[in-house]
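Single-letter residue listing:
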Amino acid sequence: MIPKQNMRLYFNINAGADICLLNSGAHLDDGDLYDIWETIQPWVNEYRAAFNTTFVWVTQSYGHLQCEKYQAPLKEFIPISPSEYDMDKYLWRKFPKFDRMSKDLAAIHNFGLLDISMIRLRPDAHKANNIPGHNDCLHWCFPGPLNIFPTLLYNKLSTGEI
């Protein structure tokens, strides 16, 4: 988890911003998400009062086990099975749970929500598929699935959902 002083630095860098997008990052374990929300809540209140900042929580950017074996998008999400837990050293199996928690916390704390969970259908678009010998099944290639972020955010802003 990011040290609290670094989280505060992020807030300071974005002081006065109209919109602030936040995400926990990929390397979480149980309890970390609650710690993050508890840590940022006073800063969120401070920035809302001082700058009228709108806060938006972005759901997890999914990692995929053995992404190099995929050549096309999935038709449906395939969760990591218990028999694969030994290969799941980054705890990616917990991302759906973290997304559910984030949606609940965003509603409780009056955050907008940018749900990017649809990218979990794109194990074929990780860096590992484009760089021989590199098995990076968390990060993404550009152009690629992450290009949808600005469109999703724009649509939510233009419809008043955020």
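For the structure itself, consult the block above.
Conventions adopted
- Residues numbered from 1 in each chain as written.
- Predicted model: local features only at pLDDT ≥ 70, side-chain atom pairs only at ≥ 80, totals over all residues.
- Heavy atoms only, no water.
- Core = buried A, V, L, I, M, F, W, Y, C linked by side-chain atoms within 4.5 Å.
- Buried < 20%, exposed > 50% of the residue type's maximum accessible area, 1.4 Å probe, protein only.
- Helix = DSSP H or I, 4+ residues; strand = E, 2+ residues; numbered from the N terminus.
- Contact = heavy atoms within 4.5 Å.

S.K.: Can you help me understand the nonpolar core in this one?
M.R.: Among soluble globular proteins, nonpolar side chains are generally buried collectively. Counting 28 residues, the largest nonpolar core has Phe-11, Leu-22, Leu-33, Ile-40, Phe-55, Trp-57 and Phe-111 as the members making the most contacts within it. For this core, the secondary structure elements donating two or more residues are helix 1 (4-13), strand 1 (19-22), helix 2 (32-51), strand 2 (54-58) and helix 3 (95-108). When residues in this core are grouped by element, the largest group, 7 residues, is from helix 2. Beyond its immediate chain neighbours, meaning those up to four positions away, Leu-22 contacts Tyr-10, Phe-11, Ile-40, Phe-55, Val-56, Trp-57, Val-58 and Phe-111. Ranked by size, the runner-up nonpolar core spans 11 residues in total, among them Val-58, Leu-114, Ala-125 and Ile-162.

S.K.: Any chance you could explain unusual backbone geometry here in plain terms?
M.R.: Trans is the prevailing form of peptide bonds, just as negative phi is the prevailing case for residues other than glycine. Unusually for a residue other than glycine, Asn-52 sits at a positive phi of about 55 degrees. Along the chain, Asn-52 turns up in the loop between helix 2 and strand 2. Relative accessible area serves as the criterion here: at 65%, Asn-52 is assigned to the exposed category. Of note in the backbone geometry, Leu-91 takes a positive phi value of approximately 60 degrees without being a glycine.

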